[in-house]
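# Summary of the model geometry
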Amino acid sequence: MTRRSTTWPSAGSQVVGVIGNPVAHSLSPLLHNSAFDALGLDWVSVGFCVEPAGLSDALAGIRGLGLLGVSVTMPHKARAAELVDRLSDTAALLGAVNCIARDQDELVGHNTDGEGFVASLRREARFEPAGRRCVVVGAGGAGRAVVSALAEAGAEAVVVVARTPAAARRAAALGEAAGRPGTMDDVRGADLVVDTTPVGMTGTDSAGAPPVVDPELLGPGQLVVDLVYDPEITPLLSAAMTRGASVLGGLGMLVHQAAVQLRLWTGLEPPVDVMWAAVDAAVRRKNGPAAQ
Ligand code: NAP
């Protein structure tokens, strides 16, 4: 593994990056560069803004330029799963790739969202999913990853609540024996409630909108998670706290899914605390002291 010299980045630096469109907002380079710095690695991560029609060329570029890997974000996750040479079991199950790692001449597609989510539950909220009743709201890419990971972690039940019934059924199937589609009424008896919809996200039409989950269904003894990380405290988390539930925002998942990617690329143990500090500082800079 190449150690960092005094002139960094240099002609010898290993380049990784994030492919998306738009990509300028992505926190992946910040997370990965903070880790490379802490590990003393001569690696650098940058953003690549790629049009959907250019994704195939971009992947050829990974091979051609000798990049060791990339993160993959919207809108490329599903198409990337079709274009790589090989898929991990999880990426094959989900039909979506959020990380590509080069293995010799092969591009291998991975999906680290679910593993990052469960790591965040365990480390940030001290919540062990095994044997617990879980409700996942939303059945898109992130929701599907969460359903699959909770079931794999041994959850007793993983109930999917989504406004599109067919999507709820398909996502619930990823939970195998533990999975079933359900209704908002299931929220009341759940140990864990995860909102995987983008509702409440800054910069969207739903910023500041009322939560998808009725706060009246929430209460003490429950952990409520919102995958949205901007704002850190969404209207759902704010309402859940008022009702006496414990809460967890999406930043932890973001950090941990990036940490898993770093492990795939480098084989090294990621410095999660350093990555957390980097992203935390970036959020504080963006939101100002009032957000502290
Ligand atoms: P996606 O594939 O577009 O899925 C979004 C899901 O939310 C769909 O099931 C959609 O339902 C549902 N939905 C959207 N608006 C809704 C509304 N008003 N009411 C009810 N349901 C609604 O998106 P995604 O990739 O899963 O991402 C979802 C969110 O998770 C985004 O905010 C993303 O930033 C966040 N995320 C966070 C992390 C992290 O590390 N923290 C990682 C991945 C994603 P329909 O299909 O019926 O439209």
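This write-up is about the structure you can find in this document. (Residues numbered from 1 in each chain as written. Predicted model: local features only at pLDDT ≥ 70, side-chain atom pairs only at ≥ 80, totals over all residues. Heavy atoms only, no water.)

## Focus: the overall build of the protein chain
The helix and strand inventory of the protein chain stands at 10 helices and 12 strands. Against the globule reference of 19 Å for 292 residues, the protein chain gives a C-alpha radius of gyration of 19 Å, in line with a compact fold. Out of the 292 residues belonging to the protein chain, those deemed buried represent 49%. Here the analysis covers contacts within the protein chain between residues at least 6 apart in sequence; of these, 65% occur between residues at least 24 apart. By element, 53% of the accessible surface of the protein chain is carried by carbon and sulfur atoms, the whole surface being about 13,100 Å². Computed over 23 positive and 30 negative side-chain charges, the inter-centroid distance for the protein chain is 1 Å. (Helix = DSSP H or I, 4+ residues; strand = E, 2+ residues; numbered from the N terminus. Rg over C-alpha atoms; globule rule 2.2 N^0.38 Å. Buried < 20%, exposed > 50% of the residue type's maximum accessible area, 1.4 Å probe, protein only. Contact = heavy atoms within 4.5 Å. Areas by Shrake-Rupley, 256 points an atom, 1.4 Å probe, with all protein chains shown as cover. Lys, Arg positive; Asp, Glu negative; His and termini not counted. Charge placed at Lys NZ, Arg CZ, Asp CG, Glu CD.)

## Looking at the site of the ligand
A139, A142, R163, T164 and G250 are the nearest of the 20 residues found near the ligand. Interatomic distance of 2.8 Å between a side-chain N/O atom of R163 and an oxygen atom of the ligand. With respect to the ligand, the backbone of G250 contributes an N or O atom lying 2.9 Å from a nitrogen atom. For the ligand, whose unbound accessible area comes to 930 Å², protein coverage reaches 71%. Contributions of two or more residues to the shell around the ligand are made by α6 (141–152) and α9 (251–266). (Near = heavy atom within 4 Å. Polar contact = N/O pair within 3.5 Å; in protein donor to acceptor, adjacent residues only side chain to side chain.)

## Topic: the pattern of salt bridges
Overall, the coordinates contain 17 salt bridges when judged by the stated rule. Put simply, R86 and E106 hold a salt bridge, and the shortest N to O gap is 2.8 Å. Of this pair, R86 sits in strand β4 (residues 86–87) while E106 sits in strand β6 (residues 106–110); the two residues are 20 residues apart in sequence, bridging distant segments of the chain. For E106, a relative accessible area of 32% gives the class partly exposed. Here K286 and D230 are joined by a salt bridge, their closest N and O atoms 2.8 Å apart. (Salt bridge = Lys/Arg side-chain N within 4 Å of Asp/Glu carboxyl O.)

## Focus: the pairing of strand β1 (residues 14–20)
Extensive coverage of β1 is indicated by the burial of 5 of its 7 residues. When β1 meets strand β2 (residues 43–49), the two strands line up parallel, connected through 7 bridges. Paired with V15 across the two strands is V44, which belongs to β2. Bridge count for β1 against strand β3 (residues 69–72) is 4 bridges, and the pairing is parallel. Bridging across to β3, V16 finds its partner in G69. (Pairing = 2+ DSSP bridges.)

## A few points about the packing of helix α1 (residues 28–39) against α9
Helix-helix packing is described using two parameters, namely the angle between the two axes and the distance between the axes. Viewed as axis vectors pointing N to C, α1 and α9 meet at an angle of 55°, and their least axial separation amounts to 10 Å. Accordingly, the angle class assigned to the pair α1 and α9 is oblique. Crossing of α1 against α9: the hand is right-handed. Listed contacts from α9 to L31, H32, A35, F36 and L39 of α1 are L254, V255, A258, Q261, L262, W265 and T266. Across the contact of α1 with α9, the residue classes break down as 9 nonpolar, 3 polar and no charged. (Axes fitted to C-alpha atoms, helices over the stretch in contact; angles between N-to-C directions. Parallel < 35°, antiparallel > 145°, perpendicular 65-115°, else oblique. Left-handed = near helix turned anticlockwise from the far one by under 90°. Nonpolar A, V, L, I, M, F, W, Y, C, P; charged D, E, K, R; others polar.)

## As for the sheet that holds strand β7 (residues 133–137)
In space, the 6 strands of this open sheet follow the order β9-β8-β7-β10-β11-β12, with parallel pairing throughout. Edge positions in the sheet fall to β9 (179–181) and β12 (246–248), since each has one partner strand and no second. Along the sheet, successive strands turn relative to each other by an average axial angle of 20°, direction set aside. Of the pairings in the sheet, the one linking strand β10 (residues 192–195) to strand β11 (residues 223–226) comprises 4 bridges and is parallel in character. Within β11, the residue paired with D195 across the bridge is D226.

## Things to note about the packing of helix α5 (residues 113–125) against α9
Orientation of α5 relative to α9, taken along the N-to-C sense of each, is 120°, at an axis distance of 7 Å. As judged from the angle between their axes, α5 and α9 are oblique. Crossing of α5 against α9: the hand is right-handed. Contact residues: α5 offers D113, E115, G116, F117, A119, S120, R123 and E124, while α9 offers G252, M253, H256, Q257, V260 and R263.

## Concerning the sheet that holds strand β5 (residues 99–103)
On the basis of which strands lie adjacent, the open sheet formed by 6 strands has the order β2-β1-β3-β5-β6-β4 and mixed pairing. Sheet topology places β2 and β4 at the edges, where each strand pairs with a single neighbour. The strands touched by α1 are β1, β2 and β3; relative to β2, the strand with the most contacts, the crossing angle is about 170°. Where α9 meets the sheet, it contacts β1, β2, β3, β5 and β6, and its direction lies at approximately 10° from that of β5.

Keep in mind these numbers describe shape, not what the thing actually does.
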